[in-house]
Structure formats: structure tokens, C-alpha cells
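What follows is each chain in one-letter form.
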Amino acid sequence: MDRNDISSNSWGTKDLCSKVEGRRRLMRNSGQRRRTSSCPFQSSLSYSPCSQSECDWTSTVTTACESRIKSYCTAHDNHLVDAYDPECDNWWHLSYTCSYTELSQTMVRSLQYAVTVGRQGKGTIFVFSAGNANHKGQDVNYEAMKFTRYTIAVGAVGKLGQHSLYSTAGSALLVSAPGGDHEFSHNHVVAQPGGTCQDAGVGTSFAAPVVSGVIALMLEANAALTWRDVQGILATTSSKTDPNDASWTTNAAGLHHSSKYGFGLVDAEAAVNASITWLAYGPEKLITATSTTATAVPQDGTTLTLTSSMSTSSPVIIEHVYVYLDLDHSKRGDLQLVLESPQGTEAVLIPGPRPEASVSSDTRNEPQECSASNDPCDYKDDGVCDYLDCGCDYTDCGCEAMPYDYGPAVWNWKMAMVRSWGEDPVGTWTLKVTDKRVADSHPTSTINQWSVFVYGHTLSSEAEGPSEDQCGEASNQGGGTANSSSNGTGVARTNTSGGTGAVAILAGIALAVIVVCAGALTCTLF
């Protein structure tokens, strides 16, 4: 993983929201067949259940009516931006089941190693397609490989620069690129060898390589860019496509972000020009805030508001934000979670309700500290970095270069957002939790604790890169409330030797060594 400049991935795993086979029912409680006083769907849309004879809204919803609802809510046309019935959110259990994924320790170590060692210490750049399951209710925050700060999640737009209906959205989406859509008979026409054109099909798998090509051009312009610099340039130079869409917001740093488009449509010219004069980000900073007060989540649809204060000894600029929950809940897919930054920027972390197939019982407890005095590696101090095997090897791996990076000591649900990029993290963070399916009942519904982890950098005047003495004791980044620490993961380095050996320019198009992965990271090198 450390040998490639850019790793462009079309993630081929099974959809996190998959179809329910046959007449399987996922609703475990009384909300499965609810009685309503009137039809809750929009009567103006085609094939609305409100006009179907099988549905009597004065009595319990029958199996025949459920079939009508399922057909109506899974019809592709009903997921258009201007013709989508939000009531379908409450009936997804008839059609889909969703699950959430987390990165294993091994995968986190592998990504850390790549962004630390790759490109001669400037970091391998991972680009991932956001996914093609937006119409199934999937979100970027459902799949851990898409919302880790080590990767760039790319959404797709169609010919008119509007959101592709299939393109998975979310608060952790970084950028978008052309990927085609289904509005036209010829969906995504591209140049072919021999001077011909051909419909290439559509998908975020076509959008991600576009961003990879732009990044290759950026590295040609400035080989010293780190993996974090690349993300920062994309966040600050992408264009606001489809500007009237309601999903756009402008944060306190003046950056626009949309759950559909990320920071916008990638702009190759602007990104390359910014790369030439880019002031490198300094060492990555981590600030955390944790609230350990156990609080019950209301099951009547009212919103639970939790707050946690964050402070730091020196000014920090936000890049990525992680939220960790220790949640005791029998069906967390019912919940909607919204995070508000101290500057007032809101991000929908989990849209809810979604028909999740699992329960929040897999509590992670990994309070390992990696330091010179606490190094569990069997082969430490032998001159060979064994971080991927043991998770530390402090001295051999460059001391603070690959620190503890698994969140707080106890958590079972993680999500992320980039919407507050460039803001000041100091102040009160607010988490709003709402049960969006009140027909369900849960024996337990408690948030035992929650944490905000902010990754960012200091102001430019303080960005001096790593010190010569990197082998002092590392700060424990795993816990505590409102603490600040620094690490050198992917730090900005000023050397310009090497760095783009895998990049070439052919016929004006940037090409890179690309690793295309599918399933359980079965990779093919092109």
C-alpha cells in the first residue's frame, strides 16, 4: 500500500442496504402493521397507496396494502429530488435491511501505515467511490471505508451537474465528479480508443477515477503535497454545482458543503493552480471531548439534545470530525443523529429511520497506549517497523508517526463529517438524537457516553512540521475530555525530491498507478 501514489477504488462490497427477500419482516414490534387515521403518503404521486383499493387507512395495514406500499416506495421515479415521498422512510423495512460497518484494527493500521510511509512520507492518497445505493437509503456513514479521514469519498453527478440519483450521500462525502445518470438515453458517453465514443455506463465507480486523475495533475504541479493537503485543496477549490439545491450549506469558514455533492464538483484547473502555491498543513492535531453521563433516548419522537465542551491551548483548524457513541439500543436504525459544531454548522450524521438488521451490542474496548514505555510488540527496537502486526513498535516506526487511533476506550457506533472543515472547534458541540419510528418500542434506549474527536491543524504561522526529536513520549490520544495532542501521521514535509514516480501524462490526461479493489480487498494493478 505504500508503493502507490494514488489508490483509486471502486468498492465492490455487497450493498449495506440490501433487498429483503420474499415476505420477510424486519419490524419486531407493534409498528409492523400500524393503524392510521388517514393515508400518510402523498396522494399526488403516481401509484400512491392512498388511491389503491387494497389499502384501508381506517384499519390495520394488510399484507396486500404492504405490497402496494413496497412497490410504490421502491419505484425508481419516486426517488427523484422533486418527487420523493418522505413517508417511504417509515416503510423501508418492507424492502431493505441495512447494516453499518467499522474498520478493523488491521485495516486502520494498514491505512495509517500507507499515509505515513507512502510517497516517501507524504502519504498514499486513497480515493473511493461513494457507492450507488442512495435510492435504498444508504449513507456514506454506513460504510467505514468511506468515512475514515484516510480516504476521499467521491459522489457522482450527471450531464447537467446535478446529483445522480444512485450516488450515495452523507455528511462525510468530500467531493463529486461526473459519473453519469439515467436521465438520458445515452447515459455516460466517453472517448474510446480509435477516436470513437461509447456509452460507458454510470456509477460512482466512474466518478472516482476522474478525481484520481485530477489528484495526479495536482501532484505533478507540486510533488510535496501530503495526503491531507490534497484533501484540503479539493475541499477549498471544488465548485458549487446545482447551487439552488436545498442540501447546500455554508459553514463558518465560508466553505460550501452538501450531503449530495460534498464540497462540490471537482475543478481540475482550480485544484492544480492552488497546488502550486499551497501552504502545507502542519502536523495533524487531535482534540477530543467526551461526555460520560448516561442519558435515555426518548421513544416518543422528541429530540434528545446532548452537549460537550471542547477547548485547546492553541488555535486549531478543523479537517475531519468523528463522533463515537456507546449506545445500548435494540434497533439503532430508528434513530436520526445530527451534530452541530460550536460555530452553528449542522450535519446529519445518520438520517434515520433505516431498517437496520443488527443491534448495538458490539462494544469496542481497546484502550491500548503506544509509547516508548508501553510498547507491546514482540520485535520492538530491532530496526524493522512491525506496526501492521502488533499495532505499535514505537521507536522502529518513527515514534509518534503511527499513534493509537481507535477512538475512545468504549464505543460501539462511529460516524464522521467534513462539513465543518476550516472552522474553530473550541466551544460547545451539540448532538441531537431523535427516534424517527415511534411505532417501535425498545426495552433499552440509552446513550452511555459519547465523544467528539476533531482532527485538524494549527494556524499557518505555527505549521512548522515535525521536530527533529521525534522519539519523545507520545501523548495518549485515546481518551480524556477536551484534551489536545499532536501526531505526525501524514505530516506536511517540505522536501520535493521524488513523490510522483507512478504518475505520467499521456495525451493531456493524468494517469496514475491505480489499485482497483472489490470485495474483501481483492486488488488488481493496472
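Our structure's up above, just so we're on the same page.
About the cut-offs
- Residues numbered from 1 in each chain as written.
- Predicted model: local features only at pLDDT ≥ 70, side-chain atom pairs only at ≥ 80, totals over all residues.
- Heavy atoms only, no water.
- Helix = DSSP H or I, 4+ residues; strand = E, 2+ residues; numbered from the N terminus.
- Buried < 20%, exposed > 50% of the residue type's maximum accessible area, 1.4 Å probe, protein only.
- Contact = heavy atoms within 4.5 Å.
- Areas by Shrake-Rupley, 256 points an atom, 1.4 Å probe, with all protein chains shown as cover.
- Expected span 1.5 Å × (residues − 1).
- Salt bridge = Lys/Arg side-chain N within 4 Å of Asp/Glu carboxyl O.
- 1 Å grid on protein atoms, 1.4 Å probe; cavity = no way out; pocket = protein on both sides within 12 Å on 5 of 7 lines; lining within 4 Å.
- Points joined across faces, edges and corners; volume = space filled by probe spheres on them.
- Nonpolar A, V, L, I, M, F, W, Y, C, P; charged D, E, K, R; others polar.
- Disulfide = S-S within 2.5 Å.
- Phe/Tyr/Trp six-rings, centres within 6.5 Å; stacked < 30°, edge-to-face > 60°.
- Pairing = 2+ DSSP bridges.
- Polar contact = N/O pair within 3.5 Å; in protein donor to acceptor, adjacent residues only side chain to side chain.
- Axes fitted to C-alpha atoms, helices over the stretch in contact; angles between N-to-C directions.
- Core = buried A, V, L, I, M, F, W, Y, C linked by side-chain atoms within 4.5 Å.

Asks: I'm lost on the overall build of the protein chain in this one. Help?
Replies: Across its full length, the protein chain carries seven helices and 26 strands. The buried share of the protein chain, reckoned over its 526 residues, is 55%. A separation threshold of at least 6 residues defines the contact pool for the protein chain, and within that pool the share at least 24 residues apart is 76%. Summing over all exposed atoms, the protein chain offers an accessible surface of approximately 20600 Å²; the carbon and sulfur share of this is 50%.

Asks: Explanation requested: helix α4 (residues 204-221) in the structure shown.
Replies: Here α4 spans 26 Å end to end across 18 residues, near enough to the 26 Å set by a 1.5 Å rise per residue. For α4, the complete set of buried residues consists of T204, A207, A208, V211, S212, G213, V214, I215, A216, M218 and L219.

Asks: Is there a simple way to think about the pattern of salt bridges in this case?
Replies: Proximity of charged atoms lets side chains of opposite charge pair with each other. Using the criterion set out here, one finds eight salt bridges in the structure. The closest approach of N and O atoms between E143 and K146, which form a salt bridge, is 3.4 Å. Between K260 and D245 there is a salt bridge, with the nearest N and O atoms lying 3.0 Å from each other. With K260 in the loop between β10 (256-258) and α6 (268-277) and D245 in the loop between α5 (227-237) and β9 (248-250), this residue pair connects regions lying 15 residues apart in the sequence. You can call D245 buried: its relative accessible area is 12%. Connected via shared salt-bridge partners are E340, E346 and K432.

Asks: Explanation requested: empty space enclosed by the protein in the structure shown.
Replies: Any space left empty among the atoms is revealed by the rolling of a water-sized probe across them. According to the stated counting rule, one finds three cavities of 30 Å³ or more in the structure shown. Considering only enclosed or pocket space, the largest cavity measures out at about 130 Å³ in volume. Among the elements of the structure, α3 (144-147) and β14 (316-329) are those that each provide at least two residues to the lining of the largest cavity. When the residues that make up the lining of the largest cavity are grouped by side-chain class, the tally is nine nonpolar, two polar and four charged. Its boundaries defined by the atoms lining it, the second largest cavity holds a volume of some 70 Å³. Considering the residues around the second largest cavity, the lining is formed by 14 residues, among which T148, T151, A172, H320 and V418 are closest to the centre. Elements with a minimum of two residues in the lining of the second largest cavity: α3, β5 (151-157) and β19 (413-417). The biggest single contributor to the lining of the second largest cavity is β5, with three residues. Taken together, the residues that form the lining of the second largest cavity break down as eight nonpolar, four polar and two charged.

Asks: Please clarify how the state of the cysteines should be interpreted in this entry.
Replies: Working definition: the covalent bond between the sulfur atoms of two cysteines is a disulfide. The final tally for this structure, using the stated rule, is four disulfides. Sulfur-sulfur distance for the disulfide between C55 and C65 comes to 2.0 Å. Here the disulfide of C55 and C65 is right-handed, its torsion about the S-S bond being about 105 degrees. Taken together, the residues span a long stretch of sequence, with C55 in the loop between β2 (17-19) and α1 (63-74) and C65 in helix α1 at a distance of ten residues. Here C55 matches C65 in class, with each residue buried. What pairs with C385 in a disulfide is C397, and their sulfur atoms sit 1.9 Å apart. What sets the handedness of the C385 and C397 disulfide is the S-S torsion sign, and at about 100 degrees it is right-handed. Taken together, the residues span a long stretch of sequence, with C385 in the loop between β17 (364-365) and α7 (387-390) and C397 in the loop between α7 and β18 (410-411) at a distance of twelve residues. Residue class for C385 comes out partly exposed when judged on its relative accessible area of 26%.

Asks: For this particular structure, what's the right way to read the packing of aromatic side chains?
Replies: The geometry of an aromatic ring pair is captured by the separation of the ring centres together with the interplanar angle, meaning the angle of the planes. Throughout the structure, instances matching the rule amount to ten aromatic pairs. Judged by centre distance (5.6 Å) and plane angle (85 degrees), the rings of F41 and Y72 are edge-to-face. A residue pair is termed long-range when its members are at least 10 positions apart, and F41 in the loop between β2 and α1 and Y72 in helix α1 qualify at 31 residues. Here the two residues F41 and Y72 agree in accessibility, since each one is buried.

Asks: Teacher, can you tell me more about the pairing of β5 here?
Replies: Put simply, side chains in a regular strand alternate between the two faces of the sheet. Most of β5 sits out of view: seven of its seven residues are buried. Alternating residues of β5 divide into T151, A153, G155 and V157 and I152, V154 and A156, and every residue in both groups is buried. Bridge count between strand β4 (residues 125-129) and β5: four bridges; the pairing is parallel. For F126, the partnering residue across the bridge sits in β5 and is T151. With four bridges connecting them, β5 and strand β6 (residues 175-178) associate as parallel partners. By the bridge assignment for β6, V154 is matched with V175.

Asks: Would you explain the side chain of S48 in this entry?
Replies: Relative to the helices and strands, S48 resides in the loop between β2 and α1. Of note is the side chain of S48, whose polar atom sits 2.9 Å from the backbone oxygen of Q42. In this structure S48 touches F41, Q42, S43 and Y72, once residues within four positions along its chain are discounted.

Asks: I'm lost on the sheet that holds β4 in this one. Help?
Replies: Think of a sheet as strands paired side by side through backbone hydrogen bonds, with each pair either parallel or antiparallel. With respect to topology, four strands assemble into an open sheet ordered β1-β4-β5-β6, the strand pairing being parallel. The sheet terminates laterally at β1 (6-9) and β6, the two strands that pair on one side only. Along the sheet, successive strands turn relative to each other by an average axial angle of 30 degrees, direction set aside. This element, α5, spans β4 and β5 of the sheet and lies at about 30 degrees to β5.

Asks: In this structure, what is going on with the nonpolar core? I would like to understand it.
Replies: Soluble globular proteins: nonpolar side chains tend toward being buried together. Counting residues in hydrophobic clusters, the biggest one holds 60 residues, and the most contacted among them are I152, V154, V211, I215, M218, V230 and L234. If near-sequence neighbours (up to four positions away) are discounted, V154 is found in contact with V127, F128, S129, A130, L173, V175, S176, A177, T204, A207, A208 and V211. If you look at the next biggest cluster of nonpolar residues, it comprises 29 residues, including Y142, V316, L349 and L431.

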